[in-house]
Amino acid sequence: ERLEGRVAVVTGAGSGIGRALAERFAAEGMNVAIADIEKEPLDDVRRDLTERGTPVLAQVLDVGDEQAVHTFADRAFDRFGAVHLLCNNAGVFSGGQIWSRPASDFAWALQVNLWGVLHGIQAFVPRMIEGGDEGHIVNTASVAGLFASPFSGPYSVSKFAAYAATECLAHELVITGSKLRASALCPGGVATRIHQSDRNRPAPSAPTGDQAFVDQIIADTVAGGIPPAQVADQVVDAVRTQRFLILTHDTYRPGLTARANALTAGALPDLPDYEPRA
Ligand code: NAI
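Residues numbered from 1 in each chain as written. Predicted model: local features only at pLDDT ≥ 70, side-chain atom pairs only at ≥ 80, totals over all residues. Heavy atoms only, no water.

On a plain count of helices and strands, the protein chain comes out with eight helices and seven strands. Counting over 278 residues, the protein chain shows a buried share of 53%. Taking all contacts inside the protein chain whose residues are at least 6 apart in sequence as the whole, residues at least 24 apart take part in 72%. Carbon together with sulfur atoms contributes 55% to the accessible area of the protein chain, which is approximately 12300 Å² in total. A gap of 3 Å separates the mean positions of the 23 positive and 32 negative side-chain charges of the protein chain. (Helix = DSSP H or I, 4+ residues; strand = E, 2+ residues; numbered from the N terminus. Buried < 20%, exposed > 50% of the residue type's maximum accessible area, 1.4 Å probe, protein only. Contact = heavy atoms within 4.5 Å. Areas by Shrake-Rupley, 256 points an atom, 1.4 Å probe, with all protein chains shown as cover. Lys, Arg positive; Asp, Glu negative; His and termini not counted. Charge placed at Lys NZ, Arg CZ, Asp CG, Glu CD.)

This is the structure in structure tokens:
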């Protein structure tokens with residue numbers, strides 16, 4: 001798929017993977033529409049890209065707010081006339097033992113990580129199809145959406161759901177004869193600010209006994225993580241080659257086979273060896 005001169009949309013573009021995606025798409029000569037819940041980091045990205053000559057539309061929004069996402073889509077189509085590459089990327093980490101954590105933890109993770117993706121699909125995809133051009137939707141799930149991650153219940157539940165939404169979307173695009181394709185971005189550890197996700201949480205979580213352990217899991221993931229720019233390279237490659245699953249870490253590939261084999265035999269899948277353990 002040709003990228004130059006086309007239009008990319010990235011949510012969660014103020015930091016980490018989203019910022020790297022926006023920068024990479026700009027470097028490919030795309031126009032970009034970026035959104036984030038955090039104003040200052042988003043302004044910073046907008047300034048940076050504008051200085052490099054990229055046409056940018058920036059919108060502060062909460063991806064969990066359906067109306068706000070639809071308004072963002074209206075603005076993007078008004079400004080650029082089309083959207084070709086949609087990255088539903090904004091996400092937050094919320095961990096903890098599945099029987100300990102309050103419903104509000106699950107609700108927040110699902111609101112951002114699942115509903116954010118669904119709102120993005122529903123606000124943009126019908127008009128992308130109508131536009132008649134080739135195009136691509138990349139939803140950021142996680143390896144935690146392919147392997148259930150202990151002590152990451154709210155996150156893992158939301159990421160399995162985001163993954164499922166992406167696989168449904170990919171099938172439906174093919175079955176309906178659309179020229180659009182979809183990919184599930186499933187990163188392993190990436191060096192971003194995901195371990196500080198609570199900075200964007202509307203109401204703080206009640207502390208539970210497993211907090212220190214959970215904080216350690218996510219801090220380790222980020223500390224050993226690959227640079228976000230490397231993820232952006234892989235996304236561009238997958239869009240160009242129309243690959244569905246973007247697994248940023250090859251080390252997880254054998255685990256996928258082992259998982260399928262275990263499930264086929266009716267067994268509980270092993271944790272991938274490189275996952276932190278209690
Ligand atoms: P990050 O924290 O650096 O960036 C996430 C961005 O999303 C931030 O700019 C944040 O302000 C924004 N955001 C949070 N809630 C929002 C909301 N309700 N509406 C709009 N924007 C919101 O973290 P990172 O790692 O770049 O996260 C990007 C995606 O990658 C997330 O979906 C995350 O779950 C996923 N991911 C990250 C991994 C990692 O190791 N960093 C591994 C696997 C997946």
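Bringing the packing of helix H4 (residues 103–131) against helix H5 (residues 153–175) into the picture now. Contact pair H4 / H5: the axes reach a minimum separation of 7 Å and the direction vectors enclose 15°. By the angle between their directions, the pair H4 and H5 is classed as roughly parallel. Note that H4 runs across H5; the crossing there is right-handed. In this structure, H4 contributes Asp105, Phe106, Ala109, Leu110, Asn113, Leu114, Val117, Leu118, Ile121, Val125 and Ile129 to the contact, and H5 contributes Gly153, Pro154, Tyr155, Val157, Ser158, Lys159, Ala161, Ala162, Ala165, Leu169 and Leu173. Split by residue class, the contact of H4 with H5 holds 17 nonpolar, three polar and two charged. (Axes fitted to C-alpha atoms, helices over the stretch in contact; angles between N-to-C directions. Parallel < 35°, antiparallel > 145°, perpendicular 65-115°, else oblique. Left-handed = near helix turned anticlockwise from the far one by under 90°. Nonpolar A, V, L, I, M, F, W, Y, C, P; charged D, E, K, R; others polar.)

Another aspect to go through is the layout of surface pockets. Rolled over the atoms, a probe with the dimensions of a water molecule shows which regions are left empty. Taken as a whole, the second largest pocket encloses approximately 240 Å³ of empty space. Phe93, Gly95, Asp198, Gln211 and Asp215 are, among the 18 residues lining the second largest pocket, the residues nearest its centre. Those elements giving two or more residues to the lining of the second largest pocket turn out to be H4 and helix H6 (211–223). By residue number, the principal contributor to the lining of the second largest pocket is H6, which donates four residues. (1 Å grid on protein atoms, 1.4 Å probe; cavity = no way out; pocket = protein on both sides within 12 Å on 5 of 7 lines; lining within 4 Å. Points joined across faces, edges and corners; volume = space filled by probe spheres on them.)

So, on to the pairing of strand S6 (residues 180–186). Among the seven residues that make up S6, six are buried, leaving the element largely enclosed by the rest of the structure. Bridge count for strand S5 (residues 135–140) against S6 is six bridges, and the pairing is parallel. Bridge assignment links Gly135 to a residue of S6, and that residue is Leu180. Taken together, S5, H5 and S6 constitute a β-α-β crossover, and its handedness is right-handed. Pairing of S6 with strand S7 (residues 245–247) involves three bridges; the strand directions are parallel. What sits directly across from Ala184, in S7, is Leu245. (Pairing = 2+ DSSP bridges. Right-handed = clockwise from strand over helix to strand, strands pointing away.)

A pair can form between side chains of opposite charge whenever their charged atoms are brought close. Counting across every chain of the model gives 18 salt bridges. Taking the shortest distance from any N to any O, the salt bridge between Arg243 and Asp237 comes out at 3.1 Å. On the basis of relative accessible area, Asp237 is assigned to the partly exposed category, the value being 37%. Three or more residues are tied together by salt bridges with common partners; here these are Arg19, Glu23, Asp44, Arg47, Asp48 and Arg52. (Salt bridge = Lys/Arg side-chain N within 4 Å of Asp/Glu carboxyl O.)

This next bit is on the sheet that holds strand S2 (residues 31–36). The strand order S3-S2-S1-S4-S5-S6-S7 describes an open sheet built from seven strands, whose pairing is parallel. Here the strands that pair on one side only, and so sit at the sheet edges, are strand S3 (56–60) and S7. Sheet twist, expressed as the mean angle between neighbouring strand axes with direction ignored, is 15°. With respect to the sheet, helix H1 (residues 16–27) is in contact with strand S1 (7–11), S2, strand S4 (85–88) and S6, its orientation differing from that of S1 by roughly 170°. Most of the contacts of helix H3 (residues 66–80) go to S3, to which it runs at about 165°, and overall it touches S1, S2 and S3.

A few words on the packing of aromatic side chains. Under the counting rule described, the total for this entry stands at six aromatic pairs. Taking 5.8 Å as the distance between ring centres and 75° as the angle between the ring planes, the aromatic pair formed by Phe72 and Phe124 counts as edge-to-face. A residue pair is termed long-range when its members are at least 10 positions apart, and Phe72 in helix H3 and Phe124 in helix H4 qualify at 52 residues. Judged by relative accessible area, Phe72 falls into the buried class, the value being 1%. (Phe/Tyr/Trp six-rings, centres within 6.5 Å; stacked < 30°, edge-to-face > 60°.)

This part is about the site of the ligand. The full set close to the ligand counts 31 residues, and Ser15, Asp36, Tyr155, Val190 and Thr192 are the nearest of them. The separation between an oxygen atom of the ligand and a polar main-chain atom of Asn89 is 2.9 Å. Arg199 is positioned such that a nitrogen or oxygen atom in its side chain is 3.1 Å from an oxygen atom of the ligand. Contact with the protein chains removes 98% of the 820 Å² of surface that the ligand exposes when unbound. Going through the elements one at a time, H1 and H5 are the ones with two or more residues in the shell around the ligand. Considering only residue class, the shell around the ligand consists of 12 nonpolar, 13 polar and six charged. (Near = heavy atom within 4 Å. Polar contact = N/O pair within 3.5 Å; in protein donor to acceptor, adjacent residues only side chain to side chain.)

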